Amino acid sequence: MSEKNKQIQPSAIPELASVLVTRQQIAERVAQLAQELAEFYQGREVTIVQVLTGALIFVADLVRQMPLPLRIESVSVSSYRGTNTRPCQARFRLPPPEDLSGRDVLIVDDIYDSGQTMAVLIDAINQTRPASLRQCVLLQKDRPDLPARPGVDFVGFDIPDEFVVGYGLDYDGLYRNLPDIGVLNKELHEVQP
Ligand code: 5GP
Ligand code: MG
């Protein structure tokens, strides 16, 4: 196979028009991130606040490679409605626990897009007075159309401004179970802007 063909792998998954991050790339990067986080939190106990439902698979893979005393809490924020692929106003479906005071808290989400979800979470968790608060996302979307975002502390992959599914990320509730991350095959759905 030529070098060129190696790079443009057609997706083996019919639901995806193209693959942006393969399962192998995810596995390698998640292992690296787990190591970075284990070093960062060495000697401390960490409380992960996972953002349901998209971060579920990422968190499951990440925490099993973090040899630390670790707790997992969950929040749920709705920033999409049905088939919209641009975020709407972020709202809690499940708010953060109230007893995070004095804890080293790490928010883990699937993707950082406009940054609105993260801003709402940081604000709510800071009110519970954690000892420290950091953020980790698997994907960070390139959004040159937006004014500078605050950013997050730990990022798996920077990706272009495309609506992606797979490895926890959904479209209208579906496709979270795909092992690769890619752009949805538009023949399956008319994706709304
Ligand atoms: P933000 O508030 O940063 O704009 O959006 C973050 C949330 O929107 C993420 O937690 C995720 O649920 C959702 N999101 C943003 N971009 C995408 C995307 O490309 N695909 C999917 N499936 N969800 C996304
Ligand atoms: Mg989300």
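The rules we used
Residues numbered from 1 in each chain as written. Chains lettered and ligands numbered in written order. Predicted model: local features only at pLDDT ≥ 70, side-chain atom pairs only at ≥ 80, totals over all residues. Heavy atoms only, no water. Helix = DSSP H or I, 4+ residues; strand = E, 2+ residues; numbered from the N terminus. Expected span 1.5 Å × (residues − 1). Buried < 20%, exposed > 50% of the residue type's maximum accessible area, 1.4 Å probe, protein only. Contact = heavy atoms within 4.5 Å. Near = heavy atom within 4 Å. Polar contact = N/O pair within 3.5 Å; in protein donor to acceptor, adjacent residues only side chain to side chain. Areas by Shrake-Rupley, 256 points an atom, 1.4 Å probe, with all protein chains shown as cover. Arc of directions from axis to C-beta. Phe/Tyr/Trp six-rings, centres within 6.5 Å; stacked < 30°, edge-to-face > 60°.

### Side note on helix α2 (residues 23-40)
Think of an α-helix as turning once every 3.6 residues; residues three or four places apart then point the same way.
And step 1. Its 18 residues give α2 an end-to-end C-alpha distance of 25 Å, which sits within 8% of 26 Å, the value for a rise of 1.5 Å per residue.
And step 2. Every buried residue of α2 is accounted for by Ile 26, Arg 29, Val 30, Leu 33, Ala 34, Leu 37 and Ala 38.
And step 3. Buried residues in α2 make contact with β1 (16-21), α3 (56-63), β5 (104-112), β6 (132-141), β7 (154-159) and β9 (181-184).

### Concerning the site of ligand 1
And step 1. Inspection of the region around ligand 1 gives 18 residues, with Ser 114, Gly 115, Thr 117, Val 164 and Asp 170 positioned closest.
And step 2. A distance of 2.8 Å separates an oxygen atom of ligand 1 from a polar atom in the backbone of Gly 115.
And step 3. Lys 141 places a side-chain nitrogen or oxygen 2.9 Å from an oxygen atom of ligand 1.
And step 4. Its free accessible area being 510 Å², ligand 1 has 93% of it covered by the protein chains.
And step 5. Taken together, the elements giving at least two residues each to the shell around ligand 1 come down to β5 and α4 (116-126).
And step 6. Sort the elements by how many residues they give to the shell around ligand 1 and β5 lands first, with four residues.

### Quick look at the side chain of Thr 128
And step 1. Looking at where Thr 128 falls in the secondary structure, it is placed in the loop between α4 and β6.
And step 2. In contact with Thr 128, not counting residues within four places along its chain, are Pro 97, Glu 98, Leu 100 and Ser 101.

### Considerations on α3
And step 1. Residues Phe 58, Val 59, Leu 62 and Val 63 constitute the buried set of α3. Viewed along the axis of α3, the buried residues span an arc of 110°, placing them on a single side of the element.
And step 2. The inward-facing, buried residues of α3 abut α2, β2 (46-52), β3 (70-78), β5 and β6.

### Topic: the packing of aromatic side chains
And step 1. Counted under the stated rule, the structure contains three aromatic pairs.
And step 2. For the pair Phe 40 and Tyr 41, a centre-to-centre distance of 4.9 Å together with 85° between the ring planes defines the contact as edge-to-face.
And step 3. By relative accessible area, which is 31% here, Phe 40 ends up partly exposed.
And step 4. Residue Tyr 41 is classed as buried on the basis of its relative accessible area, which comes to 0%.
And step 5. When the ring of Phe 40 is compared with that of Phe 154, the centres are 5.5 Å apart and the planes differ by 75°; the resulting orientation is edge-to-face. Of the two residues, Phe 40 sits in helix α2 while Phe 154 sits in strand β7, which places them 114 residues apart along the sequence.
And step 6. The exposure class assigned to Phe 154 is buried, which follows from its relative accessible area of 9%.

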